[in-house]
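Observations on the model geometry
Take a look at the letters that make up each chain.
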Amino acid sequence: MDYGILGSSDLDQAFAFAAKLLVNLAMPLIYPMIRDGKMKGRFLQKRMEKREQQMPEYTRAFLKMLGGARPYVTMQSCKNQFYSDMITPLPDKIAVPGTEIHIFYALKMGEKYRSRYQQHFACPVIHEQDLQHEELLACCPEKWVQLVKSIIH
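Residues numbered from 1 in each chain as written. Predicted model: local features only at pLDDT ≥ 70, side-chain atom pairs only at ≥ 80, totals over all residues. Heavy atoms only, no water.

1. Topic: the nonpolar core
Selection rule: In this text, buried Ala, Val, Leu, Ile, Met, Phe, Trp, Tyr and Cys residues form a nonpolar core when linked through side-chain atoms within 4.5 Å. Only protein chains enter the accessibility calculation, which uses a 1.4 Å probe; a residue is then buried when its area is under 20% of its type maximum, exposed when over 50%, and partly exposed in between. In this text, helices come from DSSP runs of H or I with a minimum length of four residues, and strands from runs of E with a minimum of two, each type numbered from the N-terminal end. In this analysis, two residues are considered to be in contact whenever any of their non-hydrogen atoms come within 4.5 Å of each other.
Listed in full, the eight residues of the largest apolar core are L6, L11, I101, I103, Y105, Y113, Y117 and F121. Those elements that provide at least two residues to this core are β2 (100-106) and α5 (112-120). At three residues, β2 tops the list of elements feeding residues into this core. Every residue in contact with F121, bar those within four places of it in the chain, is listed here: L6, L11, K93, I94 and I101. Within the second largest apolar cluster, six residues are counted, among which are F104, L131, L136 and I151.

Take a look at the structure:
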């Protein structure tokens, strides 16, 4: 592989117990959005409406990027995906000869993500964006494509 390209929140890690607890707490909230394309519960719906008032373009684009309803996706498959992502061990200072690792780093997510990438990869190329989580892909897909093209050319 010549290039690896990651987004800002990739590489979340947790111990098995904490990961299972987090998945079991979060999945009832997240799964209805994945399955039906809608938030479940008045609290979450109100929170989403508030977020949309604060950041309308980003919120709408992010929800659109999620793609609406997926009735064929099961709760168990979602749990398995999130859980396995969190418990898969990741070594430090990964360096694969001939492979460049590029990170699309959303600065508005905070510094912990930069240190995470520098911990896990020997020489990551960090492309800073003054944006929120996945805002580049959700709101500026053409710019995202151009950045990917610039990396591989």
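Right, picking up where we left off after that structure.
2. As for the packing of aromatic side chains
Where two aromatic rings form a pair, the distance of their centres and the angle of their planes describe that pair. Counted only if it meets this: Working definition: a ring pair exists when centres of Phe, Tyr or Trp rings (six-membered ring for Trp) sit within 6.5 Å. Plane angles under 30 degrees give stacked, over 60 give edge-to-face, the rest tilted. Each ring is checked for a lysine NZ or an arginine CZ that lies within 6 Å of its centre and within 35 degrees of its normal; such an atom marks a charge sitting over the ring.
Under the definition given, this model contains one aromatic pair. Note on F104 and W144: the rings are 6.3 Å apart at their centroids and 90 degrees apart in plane angle, and the pair reads as edge-to-face. Taken together, the residues F104 in strand β2 and W144 in helix α7 (residues 141-152) connect sequence positions 40 residues apart. Judged by its relative accessible area of 8%, F104 is buried. With a relative accessible area of 29%, W144 lands in the partly exposed category. Over the aromatic face of Y83 sits the side chain of K20, whose NZ or CZ is 5.3 Å from the ring centroid.

As far as function goes, none of this settles anything; it's purely spatial.
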